[in-house]
Amino acid sequence: MLTRRSVVGGVSGLSALLPAEALAHRLAPHSHTISPARKKLSAPAVHRGAAPLKPLVMLDPGHGGKDPGAIGVSGTYEKHIAEAAASELQHQLLASGRYRVALTRSEDRFIPLEGRVEMAQNHQAHLFISMHADALHDRDVRGASVYTLSSGASDAQTESLARRENSADRFAGPAFHGMSPDVQQILSSLVSEETRRGSAHMASSVVGAFRSRIGLLTHPSRHAAFVVLKSAEIPSVLVEMGFMSNRLDEAALRQAVHRTQVASAMKSAVDRYFATQPATMTG
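All values derive from a computational prediction rather than experimental measurement.

## Some words on the overall build of the chain
So, step 1. For the chain, the count of helices and strands is eight helices and six strands.
So, step 2. The order of α-helices and β-strands along the chain, N terminus first, is α-β-α-β-α-β-β-α-α-α-β-β-α-α.
So, step 3. Here the chain, with 283 residues, has 48% of them falling under the buried criterion.
So, step 4. By sequence separation, contacts in the chain at least 24 residues apart represent 86% of the contacts at least 6 residues apart.
So, step 5. When the accessible area of the chain is evaluated, it comes to approximately 14,600 Å², of which 54% is carbon and sulfur surface.

Here it is, written out as structure tokens:
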């Protein structure tokens, strides 16, 4: 069985959130001390030409802790693959100098689906990417795919996948367990049309970036009622990097070089998304 140490390997201890640059402050010299009562109050200085706030990308490695996610044909845990791939994508995004990045988790711990959405909202993320490598009953199916939120599934396979992903909260407490199908069906009604368009655009960017580098399913852009994609304000996608139930996909995802290629394609998709979403750049 692949251990966390062997799979994640180089997963760094980088902070989950790139800190904003601190402003330099110098104290002006004083020839004498001014009492607090005599200090002159003034408005803060306006720094003209200041760079706009970099967009914040929230990466969500699926599963974690007591929830292993899918278990591959050779025993690989999805949670380890997701964390390793998200860490590599975080590294590439930060290295570009164009983004701030946060992770829902940077270690092997369980987070309820609602908690992941809440983190993205609290961080005021501009884009939310949930990263997975699920399993199917048909072990011959392989390839990457991307999913957006919808009240109904695009196909039976996607409906089954969404049901499994949404069942992750069976590991959580009573407050999160057992979300009814009726509640799942109305999730998409909470999402604004602008968010829908952003999510669809990001999904298209992922498919375009993957097409020449990473194998894709026949119909790679799909939709279903994924709980983790329900944020009303944040364009959100769920990326299946491959299927742990397929021995070739699993073998590839176990290799750091392949995860680097996946992350590189994902970074290209993020670049493409923000290049045509100027409004999000001002955050």
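## Comments concerning unusual backbone geometry
So, step 1. Backbone geometry places His63, a non-glycine residue, at a positive phi of 65 degrees.
So, step 2. Here His63 shows up in the loop between strand 1 (56–61) and helix 2 (78–96).
So, step 3. Since its relative accessible area comes to 8%, His63 is described here as buried.
So, step 4. In this structure, Gln124 is a non-glycine residue whose phi angle is positive, near 55 degrees.
So, step 5. If you trace the backbone, Gln124 turns up in the loop between helix 3 (113–122) and strand 3 (127–132).
So, step 6. Looking at Gln124, the relative accessible area reads 63%, which means it is exposed.

## With respect to the pattern of salt bridges
So, step 1. Enumeration according to the criterion identifies 11 salt bridges in this entry.
So, step 2. Between Asp249 and Arg142 there is a salt bridge, and its shortest N-O distance comes to 3.1 Å. With Asp249 in helix 7 (residues 247–253) and Arg142 in the loop between strand 3 and strand 4 (144–149), this residue pair connects regions lying 107 residues apart in the sequence.
So, step 3. Note on Arg142: relative accessible area 39%, which makes it partly exposed.
So, step 4. For Arg222, the salt bridge is made with Asp155, and the minimal N-O distance between the two is 3.2 Å. Of the two residues, Arg222 is situated in strand 5 (residues 216–224) and Asp155 in the loop between strand 4 and helix 4 (156–166); the sequence distance between them amounts to 67 residues.
So, step 5. Asp155 sits in the partly exposed class, given a relative accessible area of 25%.
So, step 6. Overlapping salt bridges bring together Arg98, Lys267 and Asp271 as one network.

## Section: the pairing of strand 3
So, step 1. Here strand 3 lies mainly inside the structure; six of its six residues are buried.
So, step 2. The alternating pattern of strand 3 places Leu127, Ile129 and Met131 on one face and Phe128, Ser130 and His132 on the opposite face, and all of these are buried.
So, step 3. In terms of strand pairing, strand 1 meets strand 3 through five bridges, oriented parallel. Along strand 3, the bridge assignment pairs Val57 with Leu127.

## Digging into the packing of aromatic side chains
So, step 1. Per the stated rule, a full pass over the model turns up three aromatic pairs.
So, step 2. With a centroid separation of 5.6 Å and an interplanar angle of 45 degrees, the aromatic rings of Tyr99 and Phe274 are classed as tilted. Here Tyr99, found in the loop between helix 2 and strand 2 (100–103), pairs with Phe274, found in helix 8 (residues 256–275); they are 175 residues apart in sequence, far enough to count as distant. This pair shows no difference in class: Tyr99 is buried, exactly as Phe274 is.
So, step 3. Consider the rings of Tyr273 and Phe274, whose centres lie 5.0 Å apart with planes at 80 degrees: the pair is edge-to-face. Grouping residues by exposure puts Tyr273 and Phe274 together as buried.
So, step 4. Clustering of aromatic rings is evident, with ring pairs tying together Tyr99, Tyr273 and Phe274.
So, step 5. Lys66 extends its terminal NZ or CZ atom over the ring of Phe110, reaching a point 5.3 Å from the ring centre.

Reading the values: rules and limits
Residues numbered from 1 in each chain as written. Predicted model: local features only at pLDDT ≥ 70, side-chain atom pairs only at ≥ 80, totals over all residues. Heavy atoms only, no water. Helix = DSSP H or I, 4+ residues; strand = E, 2+ residues; numbered from the N terminus. Buried < 20%, exposed > 50% of the residue type's maximum accessible area, 1.4 Å probe, protein only. Contact = heavy atoms within 4.5 Å. Areas by Shrake-Rupley, 256 points an atom, 1.4 Å probe, with all protein chains shown as cover. Salt bridge = Lys/Arg side-chain N within 4 Å of Asp/Glu carboxyl O. Pairing = 2+ DSSP bridges. Phe/Tyr/Trp six-rings, centres within 6.5 Å; stacked < 30°, edge-to-face > 60°. Lys NZ or Arg CZ within 6 Å of the ring centre and 35° of its normal.

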